[in-house]
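Each chain, letter by letter, is given below.
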Amino acid sequence: MIRIGQGYDVHKLVEGRELWICGIKIPHTHGLLGHSDADVAIHALCDALLGAIASGDIGKHFPDTDPRYKGIDSKLLLSHVMKLVRENKYQLANCDITICAEAPKFRPYIDDMRKTLASVMEVDSDQISVKATTTEKLGFTGRREGISALAVCLLTKE
């Protein structure tokens, strides 16, 4: 049996915050605003994985009203989600993440992002794809107001 999940997340760019994407700190003038570290790509990936096992979304499991998750490293959330995936007797076949932003440029960090996610998820890095694109200066991402991310995953029954 196979299961497909998809996820999407958005966070606003603000001054005075660090920028964390796919578990990597990226040097930039702005960071993402959120209750946790606001790692938009990991949040989209968590939603894709939770969707594939029909277990709700990231807000259900880690509500932004819970002080335990204030400032939390999103890699910890992803690790917990992978535990749920395994408890449901699934394993990751692959996942594909797309980061949508005008800046910064993500190409220099993508290999480290893949390795970091693979380590957290306890899978091989060749099961993880990370890409980045712009929106050709259109919309909120084009105006550099925020960053969005999309993720899709394929799970197989153990």
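My aim in this report is to walk through the structure given alongside it, one point at a time. What you are looking at is a predicted structure, and each value in this text was computed from that prediction instead of being measured.

Parameters and conventions
- Residues numbered from 1 in each chain as written.
- Predicted model: local features only at pLDDT ≥ 70, side-chain atom pairs only at ≥ 80, totals over all residues.
- Heavy atoms only, no water.
- Salt bridge = Lys/Arg side-chain N within 4 Å of Asp/Glu carboxyl O.
- Buried < 20%, exposed > 50% of the residue type's maximum accessible area, 1.4 Å probe, protein only.
- Pairing = 2+ DSSP bridges.
- Helix = DSSP H or I, 4+ residues; strand = E, 2+ residues; numbered from the N terminus.
- Contact = heavy atoms within 4.5 Å.
- Axes fitted to C-alpha atoms, helices over the stretch in contact; angles between N-to-C directions.
- Disulfide = S-S within 2.5 Å.
- Parallel < 35°, antiparallel > 145°, perpendicular 65-115°, else oblique.
- Nonpolar A, V, L, I, M, F, W, Y, C, P; charged D, E, K, R; others polar.
- Patch = residues over 30% accessible without salt bridge, like charges linked within 9 Å, V, L, I, M, F, W, Y side chains within 5 Å.
- Areas by Shrake-Rupley, 256 points an atom, 1.4 Å probe, with all protein chains shown as cover.

### Here's the deal with the pattern of salt bridges
Consideration 1: Summed over the entire model, instances satisfying the criterion amount to seven salt bridges.
Consideration 2: Lys75 is the salt-bridge partner of Asp73, the closest N and O atoms lying 3.0 Å from each other.
Consideration 3: Residue Asp73 is classed as partly exposed on the basis of its relative accessible area of 30%.
Consideration 4: Here Arg107 makes a salt bridge to Asp111, at a shortest N to O gap of 3.6 Å.

### A word on the sheet that holds strand S7 (residues 146–157)
Consideration 1: Taken in spatial order, the five strands of this open sheet run S4-S1-S7-S5-S6, and their pairing is mixed. The two strands at the open ends of the sheet, each matched to only one other strand, are strand S4 (31–32) and strand S6 (128–133).
Consideration 2: Here strand S5 (residues 90–100) runs beside S6; their pairing, made up of six bridges, is parallel. Each residue of the ladder has a partner; that of Ile97, found in S6, is Val130.
Consideration 3: Lying on the sheet, helix H4 (residues 110–121) is in contact with S5 and S6; it crosses S6 at an angle near 140°.

### A look at the state of the cysteines
Consideration 1: Under the defined criterion, the tally for this structure stands at zero disulfides.
Consideration 2: With no disulfide of its own, Cys22 has Cys95 as its nearest cysteine by sulfur position, at a separation of 8.7 Å.
Consideration 3: Here Cys46 is not disulfide-linked; the sulfur of Cys153 is the nearest cysteine sulfur, at 10 Å.
Consideration 4: You can call Cys46 buried: its relative accessible area is 0%.

### Brief notes about the packing of helix H1 (residues 40–52) against helix H3 (residues 74–87)
Consideration 1: The N-to-C vectors of H1 and H3 enclose an angle of 10°; their axes lie 10 Å apart at closest approach. Between H1 and H3, the angle is such that the two are roughly parallel. Mapping the contact onto sequence places Ile42, His43, Leu45, Cys46, Leu49 and Leu50 in H1 and Ser74, Lys75, Leu77, Leu78, Val81, Met82, Leu84 and Val85 in H3.
Consideration 2: Per-class residue counts for the contact of H1 with H3 are eleven nonpolar, two polar and one charged.

### As for the packing of H3 against H4
Consideration 1: It is at 9 Å that the axes of H3 and H4 come closest, and there the two elements cross at 50°. Considered as vectors, H3 and H4 are oriented oblique to each other. In this structure, H3 contributes Lys75, Leu78, Ser79, Met82 and Arg86 to the contact, and H4 contributes Thr116, Leu117, Val120 and Met121.
Consideration 2: Tallied by class, the residues present in the contact of H3 with H4 amount to five nonpolar, two polar and two charged.

### Examining a nonpolar patch on the surface
Consideration 1: Together, Tyr8, Val10, Phe140 and Leu150 give the surface a local cluster of nonpolar side chains, amounting to about 320 Å² of exposed area.
Consideration 2: Note on placement: Leu150 falls in strand S7.

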